[in-house]
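Tertiary structure, described
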Amino acid sequence: MTALDFAPLLAPGLPPPAVKFNGFPKYNFTGGHNDGGAIPLDALVKAANDVLSREGRTLATYGLESGPQGYRPLREFLAQKLKRTAGIVCSADEILITSGSLQALDLVNGILLSRGDTIITEGETYQGSINRWTKLGVTAVGVPLDGGGMRMDALATALDDLKRRNVQPKYIYTVPTVQNPTGTILSEARRAEMLKLAEQHGVPIFEDDCYSDLIWDGKRPPALYAMSKHGGVIHIGSFSKSIAPALRVGYIVADWSLISRMLTIKTDAGSGALEQMVLGEFCPKHFDSHVPELTRALRSKLETLMDSLNAQFGTAAEFEDPKGGIFLWIKLPDQVDTMKLYQAGLAEGVAINPGPEWTIDKAYGKSRTRLCFANASHEAIRDGVAKLAEICRREFGVPDRIANVAQGARG
Ligand SMILES: Cc1ncc(COP(=O)(O)O)c(C=O)c1O
């Protein structure tokens, strides 16, 4: 029997097929995976047991007994947590639970963007957001960052330039609190400036805040959403970074006038209920004590990564010590092409994220790379960086000293 050939039946314009998952590379520095050792397993098991024993029969209805915005106790936890930590005053009715904050990106984009639109973003930013703009046919204007996040003088210039060209940007997308990939935190003063500029130009701000719990000293500036006096900010967040990405639980905070529009394009009849119930049970009791344990583990892995890079790459790897999060953003010497380094590394079990996938200006990203330090063990971080240095040296001639041994001398 010959199998039916689906190829001629496929809808036009589909992306290329996905590659099969064959397990993670031995040294995996890609993606936003979390620290397995820091998952609060016992408390999650107990929360699952407690909530299911008590309320499990509500699984019989779509949306439990909470409606399409998601499990109400979880939304209530978020409302009080966001008030306490980010200064956001909102009710559970202004929160929509999503399947990860990736769905939040889709819903916000879905109600605001059409082909041909323009948005403004940090010049270095999240690949998942960049790919969405590309797919939607939206032009992203990148604003440079410095050690303090998006530069407000450059934002003002970008807004003025667009105005001169009669282009009204649909939003300013920002990851202001532990930026991906740079790890920077936008100060309260810069936030005020951004809000002022946005208001002057009548542009909304799209605040993506999924790393804001992972700050080493636990101190964060208020959210842009909290500081805005005139609305105009949509805030999204996630439990992926503070608890676990496989749960796929994110959220949107916005005025009901926007949530009500997003609900009409959220056509999945509700995000997975079990994980929402477990989080709704776990978080009020344990979130606050879990986060410092997680950040301690992450900080310690970051130190192993920075020490390993210093030992193996010396001055060839330039980076700032990030204020939190799970990533280190690294500049390698100009001759290094990280797209090629990525391919060469993969062949030998070292996976890195090449810079051009995280930058609006691809040339700017050429010699940059993002390494996630959360998931690999300390030993894998050390060995993986040593291997990466060898591969980099072989492919590009740098670093010229590895672990303080001049490479020429090895013959
Ligand atoms: C800035 C940013 N936004 C959104 C996401 C999506 O995360 P999730 O869908 O797991 O919440 C990520 C993941 O890495 C991210 O870095």
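Structural data are supplied above this passage.
Just so you know, these numbers come straight off a predicted model, no measurement behind them.

**Observations regarding the state of the cysteines**
- Under the counting rule described, the total for this entry stands at 0 disulfides.
- Cysteine cysteine 210 shares no disulfide, and the gap to the nearest cysteine sulfur, in cysteine 372, comes to 12 Å.
- Taking the relative accessible area as the measure of exposure, cysteine 210 reaches 10% and is therefore buried.

**Examining the side chain of serine 242**
- By secondary structure assignment, the location of serine 242 is in the loop between strand E9 (233-238) and strand E10 (250-253).
- Overall, serine 242 belongs to the buried group, its relative accessible area being 1%.
- Setting aside residues no more than four positions away along its own chain, serine 242 makes contact with Asn34, Asp213, Leu214, Phe287, His290 and Leu294.

**Quick notes on the site of the ligand**
- Residues in close proximity to the ligand total 14 residues, the closest being Ser101, Asp208, Tyr211, Ser238 and Ser240.
- Leucine 102 is positioned with one of its backbone polar atoms (N or O) 2.9 Å from an oxygen atom of the ligand.
- Measuring from an oxygen atom of the ligand, one finds a side-chain N or O atom of serine 240 at 2.5 Å.
- Per-class residue counts for the shell around the ligand are 6 nonpolar, 5 polar and 3 charged.

Rules and cut-offs
- Residues numbered from 1 in each chain as written.
- Predicted model: local features only at pLDDT ≥ 70, side-chain atom pairs only at ≥ 80, totals over all residues.
- Heavy atoms only, no water.
- Disulfide = S-S within 2.5 Å.
- Buried < 20%, exposed > 50% of the residue type's maximum accessible area, 1.4 Å probe, protein only.
- Helix = DSSP H or I, 4+ residues; strand = E, 2+ residues; numbered from the N terminus.
- Contact = heavy atoms within 4.5 Å.
- Near = heavy atom within 4 Å.
- Polar contact = N/O pair within 3.5 Å; in protein donor to acceptor, adjacent residues only side chain to side chain.
- Nonpolar A, V, L, I, M, F, W, Y, C, P; charged D, E, K, R; others polar.

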